[in-house]
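# Residue-level structural notes
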Amino acid sequence: MSHVPRQTARASRAVVVGGSLAGLMTGLALARSRIEVTLLERVGSFPRSGASLGGVDEHLLTRLTGGASPPPGSVPLRSVTSGIQPWDLLHQRLRAAAEADERITVHHRTRVIHVGQDADAAWAITEDGRTHRGEVVIGADGHRSTVRAAIAPDKPDAAFAGYLIWLGVADESALTPGHLYPHGFDILHGGEDVLLGYPLASRRGSIRPGSRRMGWAWYDASRNDLLRQKGSVRGTVVQHSLRAADIPKATFKELTAEAADLWPEPWRDAILDSLKRRDILGTPIAEYVPERLVDGRIALVGDAAHVPTPMTGSGFAASMEDADAVAEAIASSLRHGTPLHRALAAYERKRLPQVRSMVQSGQQFSRFFAGQLV
């Protein structure tokens with residue numbers, strides 16, 4: 001933990017590191033409180049996948065985006081199943097809202113390599129040598145967070161949970177006619193594996209049967225050797241997902257045979273369609289139970305702060321609550337003249353017990369599913 005002198009300055013500018021969902025929500029929440037935001041995102045675009053997000057609080061989402069109509073070019077969010085949204089449409093909506101907000105400046109393809117602070121400011125230094133300064137830096141840079149190392153240098157990495165999930169999505173219109181896809185969330189067990197199936201809105205936001213997408217997530221603890229061979233996991237640390245180009249032809253063949261054997265229709269059809277098109281993602285699961293969320297003028301939100309298994313279905317909801325809570329804490333310091341470090345400490349006291357409990361509850365599933373073999 002770094003020593004930071006007593007602070008009295010209040011925040012009017014924030015630097016948010018990470019421009020995925022948690023970073024965008026945090027930026028929007030801060031801008032709603034009239035705080036100028038510099039948002040630094042290391043990539044220029046995000047890949048499509050079959051990922052969906054449960055626990056989407058529509059009222060809180062509307063508040064974070066300012067309650068306005070969807071910005072031009074974004075697709076209205078429509079749930080097939082209550083509280084479940086496609087990752088890609090949600091990201092599109094949040095990104096459009098952030099880029100339309102005059103208080104938010106977004107820098108794409110900007111990789112942060114270091115963060116720091118003193119009594120008067122906090123800053124993020126990027127790979128191109130630039131320094132972005134504000135009264136506060138918020139790390140929303142995912143499970144491999146750079147900012148986390150500044151807050152928890154003794155525990156900077158999320159740990160591999162011992163399994164992966166294969167993710168895919170298929171267009172309902174391309175699948176075998178006559179299948180009746182469910183309107184809700186399916187959880188299926190096949191041997192030692194688990195499958196989640198979920199109908200999603202189309203890329204244009206349609207939820208009409210026949211025009212939807214069918215997302216699936218296949219939990220698999222049998223391919224850790226492949227993850228290590230491909231460098232997706234090194235030691236106990238997850239490095240990256242397996243994209244289709246990384247997956248050997250033999251693995252596609254094995255997955256095709258296993259899908260036909262393990263999973264019933266109609267999900268079998270959706271999985272086989274994704275495999276045939278080589279349109280899947282293999283994501284090693286990481287977990288992180290935080291000890292701290294804050295150090296002086298630096299705070300964490302989302303997967304930078306806490307990483308649960310997706311089986312909890314709570315990660316996105318927790319990220320939304322983080323964004324709302326940290327913005328409210330900073331806004332409170334502006335309204336009442338509270339020293340910023342005290343306001344952020346109050347954010348930590350509010351959120352830390354809840355997010356620790358969330359991750360720990362998911363670890364019970366992981367230990368059972370993976371048998372602690374990583």
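For the structure itself, look to the data block above.
Predicted model only: the values in this text are computed from it and were never measured. (Residues numbered from 1 in each chain as written. Predicted model: local features only at pLDDT ≥ 70, side-chain atom pairs only at ≥ 80, totals over all residues. Heavy atoms only, no water.)

This brings us to the nonpolar core. Formed by 56 residues in total, the largest nonpolar core has its most connected members in Leu30, Ile330 and Tyr347. Among the nonpolar cores identified, the runner-up in size contains 30 residues, and Leu164, Leu226, Trp267 and Leu275 belong to it. (Core = buried A, V, L, I, M, F, W, Y, C linked by side-chain atoms within 4.5 Å. Buried < 20%, exposed > 50% of the residue type's maximum accessible area, 1.4 Å probe, protein only.)

Glancing now at the packing of helix H8 (residues 315–336) against helix H9 (residues 340–370). Viewed as axis vectors pointing N to C, H8 and H9 meet at an angle of 165°, and their least axial separation amounts to 8 Å. Considered as vectors, H8 and H9 are oriented roughly antiparallel to each other. Relative to H9, the crossing made by H8 is right-handed. Contacts between H8 and H9 involve Gly315, Ala318, Glu321, Asp322, Ala325, Val326, Ala329, Ile330 and Ser333 on the former and, on the latter, Leu340, Ala343, Leu344, Tyr347, Lys350, Arg351, Gln354, Val355 and Met358. In terms of residue class, the contact of H8 with H9 is made up of 11 nonpolar, three polar and four charged. (Axes fitted to C-alpha atoms, helices over the stretch in contact; angles between N-to-C directions. Helix = DSSP H or I, 4+ residues; strand = E, 2+ residues; numbered from the N terminus. Parallel < 35°, antiparallel > 145°, perpendicular 65-115°, else oblique. Left-handed = near helix turned anticlockwise from the far one by under 90°. Contact = heavy atoms within 4.5 Å. Nonpolar A, V, L, I, M, F, W, Y, C, P; charged D, E, K, R; others polar.)

With that settled, the discussion passes to the pairing of strand S12 (residues 193–200). Here is the key point about a regular strand: its side chains alternate between the two faces of the sheet. With respect to burial, S12 is a largely interior element, eight of its eight residues being buried. Taking every second residue as pointing to the same face, both faces of S12 are buried, with Asp193, Leu195, Gly197 and Pro199 on one and Val194, Leu196, Tyr198 and Leu200 on the other. As judged from the five bridges shared by strand S11 (residues 186–190) and S12, these two strands associate in the antiparallel manner. What sits directly across from Ile187, in S12, is Leu196. Bridging between S12 and strand S13 (residues 213–220) involves seven bridges; their strand directions are antiparallel. Paired with Leu200 across the two strands is Arg213, which belongs to S13. (Pairing = 2+ DSSP bridges.)

What follows is about the sheet that holds strand S2 (residues 36–40). Strand order in the open sheet formed by six strands is S5-S2-S1-S9-S18-S17, and the pairing between neighbours is mixed. If you trace the sheet from one side to the other, it starts and ends with strand S5 (104–107) and strand S17 (294–295), each paired once. Sheet topology note: the strand S1 (residues 13–17)/S2 ladder contains five bridges and is parallel. Across the sheet, Ala14 pairs through a bridge with Val37, a residue of S2.

This next bit is on the environment of Ala97. As for its placement among the helices and strands, Ala97 is situated in helix H3 (residues 87–100). Each C-alpha atom, one on Ala97 and one on Leu28, is 7.8 Å from the other, the two residues being 69 residues apart in sequence.

The next subject is H3. Between the first and last C-alpha of H3 there are 20 Å, a value that for 14 residues agrees with the 20 Å anticipated at 1.5 Å per step. Of all the 14 residues making up H3, 10 are buried; the element is thus mostly covered by neighbouring parts of the structure. By the burial criterion, the buried members of H3 are Trp87, Asp88, Leu89, Leu90, His91, Arg93, Leu94, Ala96, Ala97 and Ala98. (Expected span 1.5 Å × (residues − 1).)

Bear in mind that shape data such as this cannot, by itself, settle questions of function.
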